[in-house]
Amino acid sequence: MDTAPSAQPATTTPAVGNRRRVATAAALASAVEWYDYFVFGIAAALVLGDLYFPAGSTTAGVLASFATFAVGFLARPIGGIVAGHLGDQRGRKPMLVLALTLMGVATTGIGLLPTYDTIGVAAPILLVLLRVAQGVAVGAQWGGAMLLATEYAPEGKRGVYGSVVQLGVPIGVVTANTVFLLAGALTTDSAFASWGWRVPFLVGLLVLALAWYIHTRVEETPAFREAERALAEKEKSEKNSPLRTILRGHLGTVLLAGGSFAVNTATFYILITGVLDYTTRELDMKKSAVLTVSLCVSLTQLVLIPASAALSDRVGRIRIYALGAVGIALWAVPLFLLIDTGSLLWLAVGTFVASCFLSIMYGPQAALFAELFTPEMRYTGASLGYQIAAVAGGGLAPFMMVLLLEATGTSMAVSGYIIVLSVIALVSIKILADRARAAEAQAGPETKAGSAG
C-alpha cells in the first residue's frame, strides 16, 4: 500500500541514460556524505575523548565525545529545514551541491584541527562547531539525494531508485571502517593517536569534486520542474512557503514519519559506535576485530537494502517497513545477550541479524517518505521527518547507551531502550497505514487500482 496523497505528476519521461547518471550521482553523493559523517562516530569511540576532552575518567571522556557526536544530529533538522525550504522553491540540485561542499570543508577541517594539548579549550569548541556544520550538511543532503533518485524513477520502481541513496549508508560505513582499519594497521598505536586518525577525515576533500560534477552534469528533477511551473501560474500573493505549509497542515505526518524511523537510526548508531566503544572498553575485545565485523555486516546491507526496496514496490512500503520494526523489537534482547559473551563470532551473529532487520526498514524508507508529501513540499516534509528521527534516535543513542550501562550495569537496559523505540515506531506506522487507507477510500477506485496493496 502506497501512502502517497496523490499520483506523481505527469512530466516528460527522462532518457534512460539520464536516469542512470542521476541515480549514480545521488548514490555517490549519499555515500561520500555518510562516509564523512561516520568517520566522526568511529573516531569518537576510539580517540576523540582523550584528544579533545581530557577528563579524570575514560568514561567521562567518552561521554563528552559522544555528546559532540550527538550535537551533529541536533543540527541536522536545521539543514533539513533550510535546504528543504529552498529545495522546494529553487530546486533539489543546488541544495545537494551546497550540502556536499559544506560537508567536505567541515570534515577536512576536523582532520586538520589541533588538539586540546596544542590550543587548549579552543580545540573542543572548534570541534563542536565543525560537527555542527557536518550535521547541517547531512541534514540538507539526504532530501536532495533522495529526491533526485525517486523523482527520476520510472513508474513502479520508486522504491528501487530510492534505495540507491539508502545504499550510501552501508557504503559509507564500509569505507569509513576500511580506512580506519588501514590507518591502524599502517601505524603504531602512538602514531595512530597522534596523526593516523586524521587521515580518514582528509578524504573529505574528494567530496568537493563530486559536488562540482553534480553541479555541472546533473539536471533538475522532472517532478520539481512540474511543481515549479504549477506554482508560477499562481499569483504571488497566493504562494505559501513549503515550511509554512508543512507546519500548518502536515506537521502530524512529519512527526509520525520521525516516530516510525527513530528506532532504526538509534539501533544503527548503537551498532556502529556504541557497540564499538562497549566491546573495546568494557569487554576487552580488539578494536581491529570489532571494526572488521562491522565492515562485513555492512557489506550484507548492500544486498538487503535494494532487495527490500524492490519488494516494497510489489507488496507495499508499509508492510515491509513494519516487518523490519517488529524484527528489531524481537531481536533487541538476543542481540546483547550475544554481544555480552565477548565472542567475536556471536558478536557477528548478533549484529548481522540486527542489520538484516534494519535493512528491511531502510530499503523502502526513502520512497515511503517521498510519497507522504506532494512535490511542492516534498523536500521539506521528507527531510524534517528523517531528521527528527535522527535527533530522537541516532544522535542520542550512543550517549544513552553509555549512560544506561553506567547507571544499571547491564546491557539489558539498552535492549529496553530499543524496544521502547520499536513500540513508538509500530504505533506511528499503524497510524500512517490507517491514514493511507482512509485517503485511498476517499480518492476512489482509480487510486486503489494503482496501489501496491
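Residues numbered from 1 in each chain as written. Predicted model: local features only at pLDDT ≥ 70, side-chain atom pairs only at ≥ 80, totals over all residues. Heavy atoms only, no water.

Student: Explanation requested: unusual backbone geometry in the structure shown.
Tutor: For residues besides glycine, phi is generally negative; the peptide bonds are generally trans as well. Unlike most non-glycine residues, D284 shows phi in positive territory, near 55°. Within the secondary structure layout, D284 lies in the loop between α13 (251-281) and α14 (287-315). (Helix = DSSP H or I, 4+ residues; strand = E, 2+ residues; numbered from the N terminus.)

Student: Would you explain the confidence of the model for the protein chain in this entry?
Tutor: Any segment with low pLDDT has predicted coordinates that should not be analysed in fine detail. With 86% of its residues at a pLDDT of 70 or more, the protein chain has an overall mean of 81. Under a pLDDT of 50 for its full length, residues 446-453 has, in the predicted model, 17 contacts with residues more than four places off or in other chains. (pLDDT = per-residue confidence, 0-100. Contact = heavy atoms within 4.5 Å.)

Student: Mind showing me how you'd approach the nonpolar core here?
Tutor: One recurring pattern in soluble globular proteins: nonpolar side chains tend to sit buried together. If you look at the biggest cluster of nonpolar residues, it comprises 124 residues, and the most contacted ones within it are F38, Y52, W142, W197, Y269, I270 and F369. In terms of residues, this core owes the most to one element, helix α1 (residues 16-52), which gives 18 residues. With sequence-adjacent residues up to four places away left out, I270 is seen in contact with V275, F336, A397, M401, V414, Y417 and I418. (Core = buried A, V, L, I, M, F, W, Y, C linked by side-chain atoms within 4.5 Å. Buried < 20%, exposed > 50% of the residue type's maximum accessible area, 1.4 Å probe, protein only.)

Student: I would appreciate a short explanation of the side chain of D277 in the present structure.
Tutor: Here D277 is to be found in helix α13. Residue classification places D277 among the buried residues on the basis of a relative accessible area of 3%. When near neighbours in sequence (up to four residues on either side) are disregarded, D277 contacts A45, V62, F66, E282 and V402.

Student: Can you walk me through helix α5 (residues 122-150) in this structure?
Tutor: Because the α-helix completes a turn every 3.6 residues, residues three or four places apart line up on one side. Compared with an ideal rise of 1.5 Å per residue, which puts 29 residues at 42 Å, α5 spans 43 Å between its outermost C-alpha atoms and is within 8% of the ideal. Here α5 lies mainly inside the structure; 22 of its 29 residues are buried. (Expected span 1.5 Å × (residues − 1).)

Student: Can you help me understand the pattern of salt bridges in this one?
Tutor: Once their charged atoms are close, side chains differing in charge can pair, the charge on each being opposite to the other. Going through the model one piece at a time under the given rule, you end up with six salt bridges. As a salt-bridge pair, R437 and D434 come within 2.5 Å of each other at their nearest N and O atoms. Here R437 pairs with D434, and both are found in helix α19 (residues 412-443), just three residues apart, close to one helical turn. Several salt bridges converge on common partners, so that one network encompasses D277, R281 and E282. (Salt bridge = Lys/Arg side-chain N within 4 Å of Asp/Glu carboxyl O.)

Student: I tried to follow the packing of α5 against helix α6 (residues 158-166) on my own but got confused; where do I start?
Tutor: When two helices pack together, their arrangement is given by the angle between the helix axes and the distance between those axes. Running from N to C, α5 and α6 point in directions that differ by 145°, and their axes come no closer than 8 Å. Crossing handedness for the pair α5 and α6: right-handed. Along its contact with α5, which presents W142, A145, M146, A149 and T150, the element α6 presents R158, Y161, G162, V164, V165 and Q166. Class assignment for the residues of the contact of α5 with α6 results in seven nonpolar, three polar and one charged. (Axes fitted to C-alpha atoms, helices over the stretch in contact; angles between N-to-C directions. Left-handed = near helix turned anticlockwise from the far one by under 90°. Nonpolar A, V, L, I, M, F, W, Y, C, P; charged D, E, K, R; others polar.)

Student: Explanation requested: the packing of α13 against helix α15 (residues 317-339) in the structure shown.
Tutor: In the contact formed by α13 and α15, the axes pass within 10 Å of each other and the chain directions differ by 20°. In terms of orientation, α13 lies roughly parallel with respect to α15. In this structure, α13 meets α15 at a crossing whose hand is left-handed. Note on element contacts: α15 touches α13 through Y321, I328, L335, F336 and I339, opposite S260, F261, V263, N264, T267, I270, L271, V275, Y278 and T279. When its residues are assigned to classes, the contact of α13 with α15 shows 11 nonpolar, four polar and no charged. (Parallel < 35°, antiparallel > 145°, perpendicular 65-115°, else oblique.)

Student: Help me understand the packing of aromatic side chains in this model?
Tutor: Geometry of an aromatic ring pair is reported as the spacing of the ring centres plus the angle between the planes. One pass over the full model with this rule turns up seven aromatic pairs. Between the aromatic rings of F261 and Y362, the centroid separation amounts to 5.8 Å while the plane-to-plane angle is 20°, which identifies the pairing as stacked. Residue F261 is located in helix α13, and its partner Y362 is located in helix α16 (residues 344-371); the two are separated by 101 residues in the primary sequence. Accessibility assignment for this pair places F261 and Y362 in one class, buried. The rings of F261, Y362, F369 and Y386 are connected pair by pair, giving a single aromatic cluster. Above the face of the F40 ring, R131 is positioned so that its terminal group lies 4.4 Å from the ring centre. (Phe/Tyr/Trp six-rings, centres within 6.5 Å; stacked < 30°, edge-to-face > 60°. Lys NZ or Arg CZ within 6 Å of the ring centre and 35° of its normal.)

Student: Is there a simple way to think about α15 in this case?
Tutor: The end-to-end C-alpha distance of α15, which contains 23 residues, comes to 31 Å, matching closely the 33 Å that a straight helix rising 1.5 Å per residue would cover. At W331, α15 shows its strongest bend, of approximately 45°, with the proline P334 following within four residues. (Bend = angle between axes of the 7 residues up to and from the residue.)

Student: I keep staring at a nonpolar patch on the surface and nothing clicks. Help me out?
Tutor: A surface patch of nonpolar side chains, amounting to about 520 Å² of accessible area, comprises Y116, I119, V121, I125, L126 and L129. For the nonpolar patch, the secondary-structure elements that each account for two or more residues are α4 (116-119) and α5. Among the elements that make up the nonpolar patch, the one with the highest residue count is α5 (three residues). For Y116, the position within the fold is in helix α4. (Patch = residues over 30% accessible without salt bridge, like charges linked within 9 Å, V, L, I, M, F, W, Y side chains within 5 Å. Areas by Shrake-Rupley, 256 points an atom, 1.4 Å probe, with all protein chains shown as cover.)

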